[in-house]
Amino acid sequence: MDVNVLTEMCLVQLSLSGVHEGEKVIVLSQGDERLDYADAFLAAGRRLGCQMYHMRLPASMPETGAWAVGKTGLAAIPDAVEALKQADMVVDLIFLLFSDEQMAIQASGTRVLTAVEPAPLLARLMPTKQLRERVEVGAELLAKAKTMRITSKHGTDVVYKLGVYPTMSEYGYTDQPGRWDHWPAAFVFTGGADDGVDGTIVLAPGDVLLPFNTYVREPVTYTIEKGFIRDIRGGLDAELIKSYMATFNDPRGFGMSHVGWGLDHRANWHGLTQFPGGMGMELRSFYGNVMFSTGPNNELGGPNNTACHLDIPMRNCSLFLDDEPMVLDGQIAVKEMQHVFG
Ligand SMILES: [Fe+2]
């Protein structure tokens, strides 16, 4: 992408993120990855009158996007983490999510924005204030709920006990101290109580497996008891999921992780056909998806920090909070969260 276009996009991003004159913003990269993003953020930040610098880690650090989540090269360099804690905002071009280092940076009051998706996707799913408002309506409803029930015509019927973990929102920019977000994004989520998820989830053809970046081809049935997956049954997709999870050799990988729904009407369900190598943010965000996840809940403050993590956005599900429908058969059911398709 043309560097001037990218710089203009970063200018919008940083402005939405409340970046202003006199703030210190550090861009964090690794090896030769996304150096064009780093240049664009540096130029945009300068135009806003910020103190900007670029912290670049060597390429020998763990691979970007490798989905052993939570392991970063920063762990070996405490001085670098200290420097990042001094910033008002860190632009993360590596993907630090779930790492102790990111949590320490946020705890110091530094806001963190991750940007690792392909530039054309960043451009198409630019964050907006309207989308933020829609996401925050969802977050408010989710934060008040005591239970979440997800059903589908394919046989999903699972209940999450809520109220233990905070509700999180992602809308693609961040203007509050200590808050993290990911560009692009538009969804809300929380987690069930550690022993409070029970029922059955049946993946249907077209549901999405991240990080495989593939679409499910035949049904996969998860049996969940007291917050843990007890059984995964089905055909080839079930076998692939089980084989992948087994490589972590960690029973905590079978815990139930975050759960919520997507709200971006511009995000395409077929997005993986366009950006097969990305992180899948478009799939997490597409309008009316219901996404459940397995593995860690430390992002929400829970004890499970396993590196075995799958995100699974599903189509055509219904999601109820205390029996009130949020999503019905893949359509957003609450007026304040709806997009009017023209
Ligand atoms: Fe996730």
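So, how was this worked out
Each chain has its residues counted from 1, running along the sequence as written. With the structure being a predicted model, the display of local features is reserved for residues of pLDDT at least 70 and the display and counting of side-chain atom pairs for 80 or more, all residues being used for whole-chain, interface and lining totals. Side-chain numbers come from the whole structure's heavy atoms, not from hydrogens or water. Helix and strand assignments follow DSSP, with helices taken as H or I runs no shorter than four residues and strands as E runs no shorter than two, numbered in order from the N terminus. Radius of gyration means the value over C-alpha atoms here, while the globule rule gives 2.2 Å times the residue count to the 0.38 power. Buried residues are those whose accessible area, probed at 1.4 Å on protein chains only, stays under 20% of the maximum for their type, while exposed residues exceed 50% and partly exposed ones sit between those limits. Pairing of aromatic rings covers Phe, Tyr and Trp, the last counted by its six-membered ring, and requires centre-to-centre distances within 6.5 Å; plane angles under 30 degrees mean stacked, over 60 mean edge-to-face, and any other angle means tilted. The arc in question is traced by the directions running from the helix axis to the C-beta atoms. Throughout, a contact is declared for two residues whenever any of their heavy atoms are within 4.5 Å. Working definition of a nonpolar core: buried Ala, Val, Leu, Ile, Met, Phe, Trp, Tyr and Cys residues. They are joined through side-chain atoms within 4.5 Å. Only nitrogen, oxygen and sulfur atoms count as donors, using a 2.8 Å cut-off from the metal that widens to 3.2 Å for Na, K and Ca. Water is left out, so coordination shells may look unfilled. Square planar and octahedral sites, with four and six donors, are those where opposite donors lie more than 155 degrees apart and all other angles lie between 65 and 115, tetrahedral sites have four donors with every angle between 85 and 135 degrees, and the rest are irregular. What a helix is expected to span follows from its residue count: subtract one and scale by 1.5 Å. Orientation is described by axes fitted as lines to C-alpha atoms, over the contacting stretch for helices, and by angles from 0 to 180 degrees between their N-to-C directions. Note on terminology: angles under 35 degrees are roughly parallel, angles over 145 are roughly antiparallel, angles of 65 to 115 are roughly perpendicular, and the others are oblique. Left-handed describes a crossing whose near helix is turned anticlockwise from the far helix by less than a right angle; the clockwise case is right-handed. Charged residues are taken to be Asp, Glu, Lys and Arg, nonpolar residues to be Ala, Val, Leu, Ile, Met, Phe, Trp, Tyr, Cys and Pro, and polar residues to be all remaining types, Gly included. Any two strands are treated as partners once DSSP identifies two or more bridges connecting them.

## Observations concerning the overall build of the protein chain
Along the backbone of the protein chain there are eight helices and 20 strands. Over its C-alpha trace the protein chain gives a radius of gyration of 19 Å, about what one expects of a compact globule, namely 20 Å for 342 residues. Considered along the principal axes of its C-alpha atoms, the protein chain spans approximately 55 × 50 × 35 Å. Counting every position in the protein chain, which comprises 342 residues, the buried fraction comes to 57%.

## Remarks on the packing of aromatic side chains
As enumerated under the stated definition, the model contains eight aromatic pairs in all. Pairing phenylalanine 187 with phenylalanine 189 gives two aromatic rings, centres 5.9 Å apart and planes at 35°, and the pair type is tilted. The same class applies to phenylalanine 187 and to phenylalanine 189, which are both buried. Centre to centre, the rings of phenylalanine 212 and tyrosine 244 are 5.1 Å apart; their planes meet at 85°, and the pair counts as edge-to-face. Note that phenylalanine 212 is positioned in the loop between strand 11 (208–209) and strand 12 (214–215) and tyrosine 244 in helix 7 (residues 236–246), a separation of 32 residues in sequence.

## As for helix 7
Listed as buried for helix 7 are Asp237, Ala238, Ile241, Tyr244 and Met245. One face of helix 7 carries all of its buried residues, which in axial projection span an arc of 130°. Elements in contact with the buried residues of helix 7: strand 10 (197–203), strand 11, strand 13 (220–225), strand 14 (228–234), strand 16 (290–294) and strand 17 (310–314).

## Observations concerning the nonpolar core
Soluble globular proteins tend to bury their nonpolar side chains together. Ile150, Tyr160, Ile201, Leu203, Tyr222, Trp261 and Phe292 are the most contacted members of the largest nonpolar core, which has 48 residues in total. Filtering out sequence-adjacent residues up to four positions away, phenylalanine 292 remains in contact with Tyr160, Ile201, Leu203, Tyr222, Met256, His258, Val259, Leu310, Asp311, Ile312 and Met314. Formed by 27 residues, the second largest nonpolar core is a distinct cluster that contains Leu28, Met55, Ile105 and Met291.

## Quick look at the coordination of the iron ion
For the iron ion, the protein coordination sphere consists of His258 (NE2), His309 (NE2), Asp311 (OD) and Asp311 (OD), at 2.1 to 2.5 Å. Because the angles between the four donor atoms bound to the iron ion fall within 54 to 117°, the donor set is best described as irregular. Between the donor residues of the iron ion, the gaps in sequence give the motif H-x50-H-x1-D. A single burial state applies to histidine 309 and to aspartate 311, both of which are buried.

## Observations concerning helix 6 (residues 129–144)
Taking 1.5 Å per residue as the helical rise, helix 6 with its 16 residues ought to reach 22 Å, and the 23 Å between its terminal C-alpha atoms agrees with that figure. The set of residues buried in helix 6 consists of Leu131, Arg132, Arg134, Val135, Gly138, Ala139 and Leu142. Each buried residue of helix 6 lies within a common arc of 160° when the element is viewed along its axis, so the set occupies one face. In helix 6, the exposed residues that point more than 90 degrees away from the buried face are Lys129, Gln130, Glu133, Glu140 and Lys144. In this structure, the buried side of helix 6 is in contact with strand 5 (147–151), strand 7 (168–170), strand 9 (187–191), strand 15 (256–262) and strand 18 (318–321).

## Considerations on the packing of helix 1 (residues 3–16) against helix 2 (residues 35–47)
Where helix 1 meets helix 2, the axes come as close as 8 Å, and the angle between the chain directions of the two elements is 55°. As far as their axial angle goes, helix 2 and helix 1 are oblique. In this structure, helix 1 meets helix 2 at a crossing whose hand is right-handed. In contact with Leu6, Thr7, Glu8, Cys10, Leu11, Gln13 and Leu14 of helix 1, helix 2 contributes Asp36, Tyr37, Ala40, Phe41, Ala43, Ala44, Gly45 and Arg47. Considered class by class, the residues forming the contact of helix 1 with helix 2 number nine nonpolar, three polar and three charged.

## Observations regarding the sheet that holds strand 16
In space, the five strands of this open sheet follow the order 7-9-15-16-17, with antiparallel pairing throughout. With one partner strand each, in any of the chains shown, strand 7 and strand 17 form the two edges of the open sheet. Here the strands of the sheet are splayed against their neighbours by 20° on average, with no regard to which way each runs. Of the strand pairs in this sheet, strand 16 and strand 17 are connected by five bridges, and their pairing is antiparallel.

## Let's talk about the side chain of asparagine 298
Inspection of the secondary structure puts asparagine 298 in the loop between strand 16 and strand 17. Looking at asparagine 298, the relative accessible area reads 12%, which means it is buried. In contact with asparagine 298, not counting residues within four places along its chain, are Phe98, Met103, Asn304 and Asn305.

## Remarks on the pairing of strand 9
In summary, the side chains of a regular strand alternate between the two faces of the sheet. Counting buried residues along strand 9, five of its five residues qualify, which places the element largely inside the surrounding structure. Every second residue of strand 9 is oriented toward a common face, with Phe187, Phe189 and Gly191 on one face and Val188 and Thr190 on the other, all of them buried. In terms of strand pairing, strand 7 meets strand 9 through three bridges, oriented antiparallel. Across the sheet, the residue bridging to methionine 168 is phenylalanine 189, located in strand 9. In this structure, strand 9 lies alongside strand 15, joined through five bridges in antiparallel fashion. Across the sheet, residue glycine 191 finds its bridge partner in strand 15, namely histidine 258.

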